[in-house]
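Listed below are the residues making up each chain.
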Amino acid sequence: MSPHTSTPGSVRSAAEVNEQIRALWMRAGGSLSAQERAEYELLVVEWAAAIQSDVIEAA
(Lines give C-alpha, C1' and ligand atoms only; values in the text may rest on other atoms or scores of the structure.)
Protein backbone atom coordinates (compact mmCIF):
# COMPACT_ATOMS: atom_id res chain seq x y z
CA MET A 1 0.00 0.00 0.00
CA SER A 2 1.21 3.51 -0.73
CA PRO A 3 2.50 5.70 2.09
CA HIS A 4 0.07 8.34 0.79
CA THR A 5 -2.99 6.24 1.51
CA SER A 6 -4.91 7.61 4.46
CA THR A 7 -5.82 5.69 7.53
CA PRO A 8 -9.48 5.01 8.26
CA GLY A 9 -11.10 7.92 10.04
CA SER A 10 -8.71 10.54 8.73
CA VAL A 11 -10.32 13.62 7.28
CA ARG A 12 -8.91 15.09 4.11
CA SER A 13 -10.59 17.47 1.74
CA ALA A 14 -11.92 16.29 -1.59
CA ALA A 15 -9.28 18.47 -3.25
CA GLU A 16 -6.47 16.73 -1.34
CA VAL A 17 -7.77 13.29 -2.26
CA ASN A 18 -8.28 14.36 -5.87
CA GLU A 19 -4.64 15.47 -6.00
CA GLN A 20 -3.60 12.02 -4.75
CA ILE A 21 -5.69 10.39 -7.48
CA ARG A 22 -4.09 12.60 -10.13
CA ALA A 23 -0.60 11.83 -8.80
CA LEU A 24 -1.34 8.10 -8.85
CA TRP A 25 -2.39 8.25 -12.50
CA MET A 26 0.69 10.31 -13.39
CA ARG A 27 3.03 7.82 -11.65
CA ALA A 28 1.27 4.92 -13.34
CA GLY A 29 1.49 6.47 -16.79
CA GLY A 30 -2.21 5.92 -17.42
CA SER A 31 -2.22 2.16 -16.81
CA LEU A 32 -2.76 0.91 -13.26
CA SER A 33 -1.28 -2.29 -11.85
CA ALA A 34 -3.45 -4.43 -9.59
CA GLN A 35 -1.94 -2.77 -6.51
CA GLU A 36 -2.39 0.71 -7.97
CA ARG A 37 -5.98 -0.17 -8.91
CA ALA A 38 -6.69 -1.14 -5.29
CA GLU A 39 -5.17 2.14 -4.09
CA TYR A 40 -7.21 4.05 -6.69
CA GLU A 41 -10.44 2.40 -5.53
CA LEU A 42 -9.73 3.35 -1.90
CA LEU A 43 -8.97 6.92 -2.93
CA VAL A 44 -12.20 7.18 -4.94
CA VAL A 45 -14.23 5.98 -1.95
CA GLU A 46 -12.44 8.52 0.27
CA TRP A 47 -13.01 11.27 -2.32
CA ALA A 48 -16.73 10.45 -2.54
CA ALA A 49 -17.04 10.60 1.26
CA ALA A 50 -15.24 13.96 1.32
CA ILE A 51 -17.56 15.33 -1.38
CA GLN A 52 -20.61 14.09 0.54
CA SER A 53 -19.26 15.69 3.73
CA ASP A 54 -18.80 19.00 1.88
CA VAL A 55 -22.39 18.87 0.60
CA ILE A 56 -23.78 18.09 4.06
CA GLU A 57 -21.80 20.99 5.59
CA ALA A 58 -23.08 23.34 2.89
CA ALA A 59 -26.67 22.38 3.63
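The text that follows walks through the structure, step by step, so that each part is easy to find. This structure is a prediction, so every number in the text was calculated from the model and none was measured.

What about the packing of aromatic side chains?
Taken as a whole and judged by the stated rule, the model has one aromatic pair. Each ring, one from Trp-25 and one from Tyr-40, has its centre 5.6 Å from the other, and the planes form 80°; the classification is edge-to-face. On the criterion of sequence distance, the pair formed by Trp-25 in helix H1 (residues 14–28) and Tyr-40 in helix H2 (residues 34–58) is long-range, its members being 15 residues apart. Its relative accessible area of 30% is what places Trp-25 among the partly exposed residues.

Notes on H1
For H1, which comprises 15 residues, the first-to-last C-alpha distance of 21 Å matches the rise-based estimate of 21 Å (1.5 Å per residue) to within 8%. Buried within H1 are the following residues: Ala-14, Val-17, Gln-20, Ile-21, Leu-24 and Ala-28. What you see down the axis of H1 is that its buried residues fit within an arc of 120°, all on one side. The exposed set on the far side of H1, more than 90 degrees from its buried face, consists of Ala-15, Glu-19, Arg-22 and Met-26. Phi turns positive, to about 70°, at Gly-29, one or two residues after H1.

Details of a nonpolar patch on the surface
On the surface, a cluster of nonpolar side chains totalling about 250 Å² of accessible area is made up of Trp-47, Ile-51 and Val-55. Its location among the elements puts Trp-47 in helix H2. For Trp-47, a relative accessible area of 34% gives the class partly exposed.

What about the side chain of Arg-12?
Position of Arg-12 among the secondary structure elements: in the segment before H1. Judged by relative accessible area, Arg-12 falls into the buried class, the value being 19%. One polar contact links Arg-12 to Gln-20, side chain to side chain, over a distance of 2.8 Å. A distance of 2.8 Å separates a polar atom in the side chain of Arg-12 from a polar atom in the side chain of Glu-46.

Rules of the game
Residues numbered from 1 in each chain as written. Predicted model: local features only at pLDDT ≥ 70, side-chain atom pairs only at ≥ 80, totals over all residues. Heavy atoms only, no water. Phe/Tyr/Trp six-rings, centres within 6.5 Å; stacked < 30°, edge-to-face > 60°. Helix = DSSP H or I, 4+ residues; strand = E, 2+ residues; numbered from the N terminus. Buried < 20%, exposed > 50% of the residue type's maximum accessible area, 1.4 Å probe, protein only. Expected span 1.5 Å × (residues − 1). Arc of directions from axis to C-beta. Patch = residues over 30% accessible without salt bridge, like charges linked within 9 Å, V, L, I, M, F, W, Y side chains within 5 Å. Areas by Shrake-Rupley, 256 points an atom, 1.4 Å probe, with all protein chains shown as cover. Salt bridge = Lys/Arg side-chain N within 4 Å of Asp/Glu carboxyl O. Polar contact = N/O pair within 3.5 Å; in protein donor to acceptor, adjacent residues only side chain to side chain.

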